[in-house]
Amino acid sequence: MLSSSSSHWEDLFFLCLDFLRFCAVMELSRSPSSSSFSSSSLSIEAASSSESPQSCSPSSSSSSSSSSSSSSSASPSSPRYAYDSTPLLEKGTVLLSIPTTDLCQALEQQYWHKCVVLLTEVAPDPIRGELERKVPDGQLAQGKKRGWWSYRGILLNRLVDVEFDDENDEIQNAQQNWHLRRGGDLLFGIPNCEKQNDTENTLFSWQITPIQTTCLYHHHNKEQISPTTSMKPVLENLYTLSHQEAKQLCQTQPDVYHPRDFITFAGFCSWRPGQLEMEMTGDRMEWLALSVDGNSVWDELQLQSSELTMTTTANDDDANHDSGIVRNDGSIEKEARARRIIEAGTNLWRNLLSKIDYPESKALNRLPRGQLQFYDEMLNVWAEDNLIVSKNHHDDVENVEDEKKVRRIKQEEIGEDSTDLGIGPGALLRSRSHCSQTTPKDASASSSSTSESTSTSALYPNDTLLYEQEFLKSTFLVLEDTPEATVGIILNHPMAAEIDCIVGKEPLPLRYGGPMDVMSWKDGSFRYDDNEEEDYEEVEDCYDGDGAGRENDENGPDKDEENDDNVLYDGFLDYAFDLEGNNDYFDDYDDEDDDSSPFVWIHRNQYLGSLGPNKGGGTPLGSSNIYHIRENDAISALQSELLSAKDVMVFSGVCLWEKGPNLGVCGGGLREQVDVFGVFEIVRAYNENDDDGLTNVVMDSVWDVLSKQRVLRKETIEDNVNAVISAWNSCGAIFRDVDDSPKRKKVSLKEELSEAALQAWVGVNLLDDPLGTLVEIKSNRRSGGRGETSFEQQ
């Protein structure tokens with residue numbers, strides 16, 4: 001009878017793994033002369049030097065002889081094989097990602113889409129895992145078993161389109177340079193973790209924070225590898241070592257080692273105990289595990305680099321035309337380069353699928369065609385920001401410094417008070433478009449500061465699309481602007497929650513106002529964090545056994561289950577909990593007490609507002625005709641029918657941008673987002689005199705559109721998102737194109753991609769349905785496929 005002890009199950013598990021390995025070895029050794037054993041799961045062929053891509057080796061270099069001797073293909077006796085070994089995981093396993101309907105991948109971790117990973121490290125006990133000592137606490141993923149790892153690997157198909165010369169600290173194209181690729185999301189290491197002057201993982205001498213690096217080296221003759229090196233075998237003929245060790249080999253043994261014999265990976269991937277197994281099995285099936293020989297892996301990497309080199313010479317204009325990009329801000333070349341990189345990497349993914357006779361159509365069959373395009377385009381945008389590097393890193397530094405210099409001059413001209421920019425209570429802003437720069441329709445109708453702020457180009461134009469999708473196409477109302485912070489609410493995001501405050505009446509949709517808890521703003525607790533300095537030191541400190549944010553229990557990671565509650569609904573859950581214990585929730589408020597509601601209530605009834613805050617009318621927000629009202633006053637006005645439901649909105653959470661003399665260029669706050677980063681543009685300044693009535697009409701138009709949104713459900717998500725876009729477009733009456741020509745403006749693929757990403761964010765974060773929310777780019781829905789990617793708009 002089997003014991004219930006976990007150790008017996010672990011022993012049985014590893015016995016099964018050993019049996020699988022034995023079967024694989026016996027299958028490979030059964031008939032070495034045959035070219036294949038299986039038409040579907042296994043392919044094996046004799047390797048010869050003629051099979052290696054000749055175009056991949058350096059064509060003209062003084063050390064070409066040594067380079068070719070150290071990176072030549074294996075002898076004819078070395079087997080070539082590739083087979084599906086799922087779910088077997090061991091060092092040297094190659095993982096191919098299989099796209100799923102989980103939108104989290106497209107929103108948060110775009111680099112996983114159609115990726116190839118080589119497992120380089122496996123913990124001695126994968127079930128228990130090992131304590132993570134390489135990664136700063138700030139980079140560790142939240143959740144169960146945080147701070148422990150079982151598997152580490154490197155992304156093989158995320159190329160960087162330039163090479164670098166570490167002797168001159170310059171990034172440039174040269175035969176003497178090192179290949180560079182992005183190895184994973186865990187990029188930055190821990191300063192001085194093992195020694196006082198840590199250069200182990202420093203890629204460039206001008207770095208402040210060390211970068212985690214891994215070099216991959218291919219060699220068919222183990223006897224020629226120096227015994228003094230710390231090369232770690234991953235597969236036969238394939239080894240890993242640090243970039244610093246690879247540099248030393250090239251300097252001390254130049255006749256044997258050459259920079260082009262190595263591929264340097266910046267960053268790596270890591271999985272917590274049980275995480276990768278969970279992603280591979282059950283309904284998820286996000287990975288295929290392949291057993292591939294080292295020679296084939298190396299040849300595919302070389303072929304990928306060669307393909308990128310050849311396609312780089314293609315005409316950029318043709319590439320841009322084919323991709324359907326319509327831009328006028330000079331970023332076309334960058335987008336085209338990113339697409340070439342991703343296409344070369346995707347070909348590596350395709351080639352490995354074909355090696356095991358796994359059809360690409362089968363790997364993609366879980367995604368509708370339109371949603372697949374959404375994933376592909378989000379990956380391309382990620383590549384623009386993470387795989388495109390200036391030919392000389394000094395160019396990037398100088399551009400940023402020039403940008404800061406311009407902003408500082410602008411700050412001196414405008415003055416230190418952010419209200420000069422029109423930022424204050426009642427100011428209405430919207431997120432900037434990807435299409436073109438805009439200026440106010442009538443400069444005389446707006447403050448000069450509004451004109452300057454709205455013409456600012458985005459410093460990091462893809463940040464909102466990649467990292468803050470909740471602001472895409474959004475409208476934003478400022479509640480408060482103080483020396484400490486700017487506070488406001490996003491107007492356009494109904495949640496899957498409602499406030500039922502009047503019996504027999506349709507409940508009010510609760511709206512997502514931002515990530516900051518309302519009470520933290522109201523009581524000012526956001527200003528005080530006794531552990532802030534301590535937390536910062538923990539992130540920077542080295543780990544000497546039980547590091548920051550990790551479990552120091554000798555028995556392993558925490559066994560508690562991960563908290564699955566959606567933190568965006570904390571305020572509503574508090575309200576609902578109180579409501580369950582008290583049938584008349586709103587009668588608990590005392591008029592003499594401060595408003596302790598977890599929500600923000602605003603209304604636009606001018607008669608009610610004219611009564612003033614002491615008589616329940618609320619506090620005016622600038623000259624916007626919008627009022628911030630106490631919750632019990634709003635409920636009383638609704639119940640007495642003095643206030644209609646269409647004239648009131650209620651929000652859970654706020655957005656808060658702190659200020660400080662050392663924050664950013666302009667001292668932080670919302671001003672930094674408008675004047676420096678160009679994320680937002682001001683539609684209506686807080687103190688604006690609406691002489692022609694246009695800005696108040698725009699405010700009313702935005703409110704009218706958003707008041708028709710309903711409580712978020714699967715059947716209402718598309719209508720709600722369309723209302724978001726309509727409200728954003730309503731603000732366009734204030735702006736006009738910089739180009740005065742009568743031609744109609746074409747909407748770029750990125751603009752449509754932004755709308756799709758917005759719907760995906762709502763589905764994942766507010767509807768809490770990342771698997772069941774269908775997201776497609778609009779042009780794809782119109783054409784029924786990829787088709788045209790731009791359309792004309794009046």
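Note that the structure is predicted; figures quoted are calculated from it, not measured. (Residues numbered from 1 in each chain as written. Predicted model: local features only at pLDDT ≥ 70, side-chain atom pairs only at ≥ 80, totals over all residues. Heavy atoms only, no water.)

Enquirer: Please provide a residue-by-residue account of the pairing of strand 28 (residues 680-684), values included.
Expert: Of all 5 residues in strand 28, 5 are buried, a share of seventy percent or more. Pairing of strand 17 (residues 428-431) with strand 28 involves 4 bridges; the strand directions are antiparallel. Counted as the bridge partner of leucine 428 is arginine 684 from strand 28. (Buried < 20%, exposed > 50% of the residue type's maximum accessible area, 1.4 Å probe, protein only. Helix = DSSP H or I, 4+ residues; strand = E, 2+ residues; numbered from the N terminus. Pairing = 2+ DSSP bridges.)

Enquirer: Tell me about the side chain of glutamate 377, and name the residues and values.
Expert: For glutamate 377, the position within the fold is in helix 10 (residues 369-386). A polar side-chain atom of glutamate 377 sits 2.8 Å from a polar atom in the side chain of arginine 339. (Polar contact = N/O pair within 3.5 Å; in protein donor to acceptor, adjacent residues only side chain to side chain.)

Enquirer: For the pattern of salt bridges, give the residues involved together with the corresponding values.
Expert: Inspection of the entire model under this criterion finds 25 salt bridges. Across the pair lysine 134 and glutamate 121 runs a salt bridge whose closest N-O atoms are separated by 3.6 Å. Placement of the pair is lysine 134 in the loop between strand 5 (130-131) and strand 6 (148-149) and glutamate 121 in strand 4 (residues 116-122), with a sequence separation of 13 residues. On the basis of relative accessible area, lysine 134 is assigned to the partly exposed category, the value being 36%. A relative accessible area of 23% places glutamate 121 in the partly exposed class. (Salt bridge = Lys/Arg side-chain N within 4 Å of Asp/Glu carboxyl O.)

Enquirer: So, the packing of helix 21 (residues 717-730) against helix 22 (residues 749-766): which residues are in play, and what are the values?
Expert: Across the interface, helix 21 lies against helix 22 with an axial gap of 10 Å and an inter-helix angle of 135°. Between helix 21 and helix 22, the crossing angle belongs to the class labelled oblique. By crossing handedness, the relation of helix 21 to helix 22 is classed as right-handed. Contacts from Ile717, Glu718, Val721, Val724, Ile725 and Trp728 in helix 21 reach Glu751, Glu755, Leu758, Gln759, Val762 and Gly763 in helix 22. Looking at the contact of helix 21 with helix 22, its residues break down into 7 nonpolar, 2 polar and 3 charged. (Axes fitted to C-alpha atoms, helices over the stretch in contact; angles between N-to-C directions. Parallel < 35°, antiparallel > 145°, perpendicular 65-115°, else oblique. Left-handed = near helix turned anticlockwise from the far one by under 90°. Contact = heavy atoms within 4.5 Å. Nonpolar A, V, L, I, M, F, W, Y, C, P; charged D, E, K, R; others polar.)

Enquirer: Run through helix 18 (residues 631-639), naming residues and quoting values.
Expert: Taking burial as the measure, the 9 residues of helix 18 include 7 buried ones, the bulk of the element. Immediately downstream of helix 18, the backbone of glutamate 641 shows phi near 65°, a positive value.

Enquirer: Break down the environment of lysine 473 for me, with residues and values.
Expert: Looking at the secondary structure, you find lysine 473 in the loop between helix 13 (463-467) and strand 19 (475-481). Separated by 19 residues in the primary sequence, lysine 473 and asparagine 492 have C-alpha atoms spaced 9.2 Å apart. Once residues within four sequence positions are removed from consideration, lysine 473 is found in contact with Ser431, Asn492, Val724, Ile725, Trp728, Glu751, Glu755 and Leu758. At a separation of 2.5 Å, a polar atom in the side chain of lysine 473 contacts the side chain of glutamate 751.

Enquirer: Explain the packing of aromatic side chains to me, using residue names and the numbers behind them.
Expert: Counted under the stated rule, the structure contains 17 aromatic pairs. Their ring planes at 35° and their centres at 6.3 Å tell us that tyrosine 81 and tyrosine 83 sit as a pair that is tilted. We note that tyrosine 81, like tyrosine 83, is buried. Ring geometry for tryptophan 112 against tryptophan 271: centres 5.7 Å apart, planes inclined by 40°, an arrangement best described as tilted. Residue tryptophan 112 is found in the loop between helix 3 (104-108) and strand 4, and its partner tryptophan 271 is found in strand 15 (residues 269-271); the two are separated by 159 residues along the sequence. (Phe/Tyr/Trp six-rings, centres within 6.5 Å; stacked < 30°, edge-to-face > 60°.)

Enquirer: Give a description of a nonpolar patch on the surface that names residues and reports values.
Expert: Side chains of Tyr607, Leu611 and Leu642 sit close together on the surface and give an oily, nonpolar patch of about 270 Å² of accessible area. Note on leucine 611: relative accessible area 31%, which makes it partly exposed. (Patch = residues over 30% accessible without salt bridge, like charges linked within 9 Å, V, L, I, M, F, W, Y side chains within 5 Å. Areas by Shrake-Rupley, 256 points an atom, 1.4 Å probe, with all protein chains shown as cover.)

Enquirer: Account for the sheet that holds strand 11 (residues 213-218), with residues named and values stated.
Expert: Pairing in this open sheet of 5 strands is mixed, and the strands run 10-14-11-13-12 from one edge to the other. Strands with a single pairing partner mark the edges of an open sheet, and in this sheet they are strand 10 (179-182) and strand 12 (232-235). Within the sheet, the average angular offset between the axes of one strand and its neighbour, ignoring direction, is 30°. By the bridge criterion, 5 bridges tie strand 11 to strand 14 (residues 262-266) in an arrangement that is antiparallel. Bridging across to strand 14, threonine 214 finds its partner in phenylalanine 265.

Enquirer: Report on empty space enclosed by the protein, specifying residues and quantitative values.
Expert: Per the counting criterion, the structure on display carries 5 cavities of 30 Å³ or more. Computed from the structure, the largest cavity encloses a volume of approximately 80 Å³. If you go around the largest cavity, you meet 10 residues; those closest to its centre are Arg339, Glu377, Val381, Glu384 and Lys750. Within the residue set of the lining of the largest cavity, elements represented by two or more residues are helix 8 (332-355), helix 10 and helix 22. Sort the elements by how many residues they give to the lining of the largest cavity and helix 10 lands first, with 4 residues. The class makeup of the residues in the lining of the largest cavity is 4 nonpolar, 1 polar and 5 charged. Approximately 60 Å³ is the volume found for the second largest cavity. If you go around the second largest cavity, the residues you meet are Leu477, Leu491, Ile602, Ile626, Met649, Met699, Val702, Trp703 and Leu706. At 4 residues, helix 20 (residues 694-707) tops the list of elements feeding residues into the lining of the second largest cavity. Tallied by class, the residues present in the lining of the second largest cavity amount to 9 nonpolar, no polar and no charged. (1 Å grid on protein atoms, 1.4 Å probe; cavity = no way out; pocket = protein on both sides within 12 Å on 5 of 7 lines; lining within 4 Å. Points joined across faces, edges and corners; volume = space filled by probe spheres on them.)

Enquirer: Go over the environment of proline 461, please, and point to the residues and values.
Expert: Inspection of the secondary structure puts proline 461 in the loop between helix 12 (448-454) and helix 13. What makes proline 461 partly exposed here is its relative accessible area of 38%. Taking the C-alpha atoms as reference, proline 461 lies 8.3 Å from phenylalanine 677; in sequence the two are 216 residues apart.

Enquirer: Describe in detail helix 8, supporting the description with residues and values.
Expert: The end-to-end C-alpha distance of helix 8 is 35 Å, a good match for the 34 Å that 24 residues give at a rise of 1.5 Å each. Where helix 8 ends, the next residue or the one after it, aspartate 357, has phi of about 55°, a positive value. (Expected span 1.5 Å × (residues − 1).)

Enquirer: Can you lay out the state of the cysteines for me, pointing to particular residues and giving the numbers?
Expert: One pass over the structure, following the stated rule, counts 0 disulfides. Its sulfur unpaired, cysteine 215 is 8.4 Å from the next cysteine sulfur, which belongs to cysteine 250. For cysteine 250, a relative accessible area of 11% translates into the label buried. (Disulfide = S-S within 2.5 Å.)

Enquirer: Pulling in residues and values, what's your account of unusual backbone geometry?
Expert: In this structure, proline 87 follows threonine 86 across a cis peptide bond, with omega equal to 10°. Structurally, proline 87 is set in the loop between strand 2 (79-84) and strand 3 (94-97). Residues other than glycine seldom take positive phi values, yet asparagine 237 does so here, at roughly 75°. Tracing the sequence through the fold places asparagine 237 in the loop between strand 12 and strand 13 (238-241). You can call asparagine 237 buried: its relative accessible area is 4%. Of note, the phi angle at lysine 473 is positive, near 55°, even though the residue is not glycine.

Enquirer: Can you explain the pairing of strand 3? Please cite residues and give values.
Expert: Burial of the side chains of strand 3 extends over both faces: Val94 and Leu96 are buried on one face and Leu95 and Ser97 on the other. Inspection of the sheet shows strand 3 paired to strand 16 (residues 287-292) by 4 bridges, in the antiparallel sense. Across the sheet, the residue bridging to valine 94 is leucine 290, located in strand 16.

Enquirer: Any chance you could break down the sheet that holds strand 26 (residues 648-652) for me, citing the residues and the numbers?
Expert: An order of 21-22-26-23-25-24 is seen for the 6 strands of this open sheet, with the pairing classed as mixed. Two strands lie at the open edges of the sheet, namely strand 21 (494-499) and strand 24 (619-620), each paired on one side alone. Taken together, the 2 bridges between strand 24 and strand 25 (residues 627-629) define a ladder with antiparallel strand orientation. The partner of threonine 619 across the bridge, within strand 25, is histidine 628.

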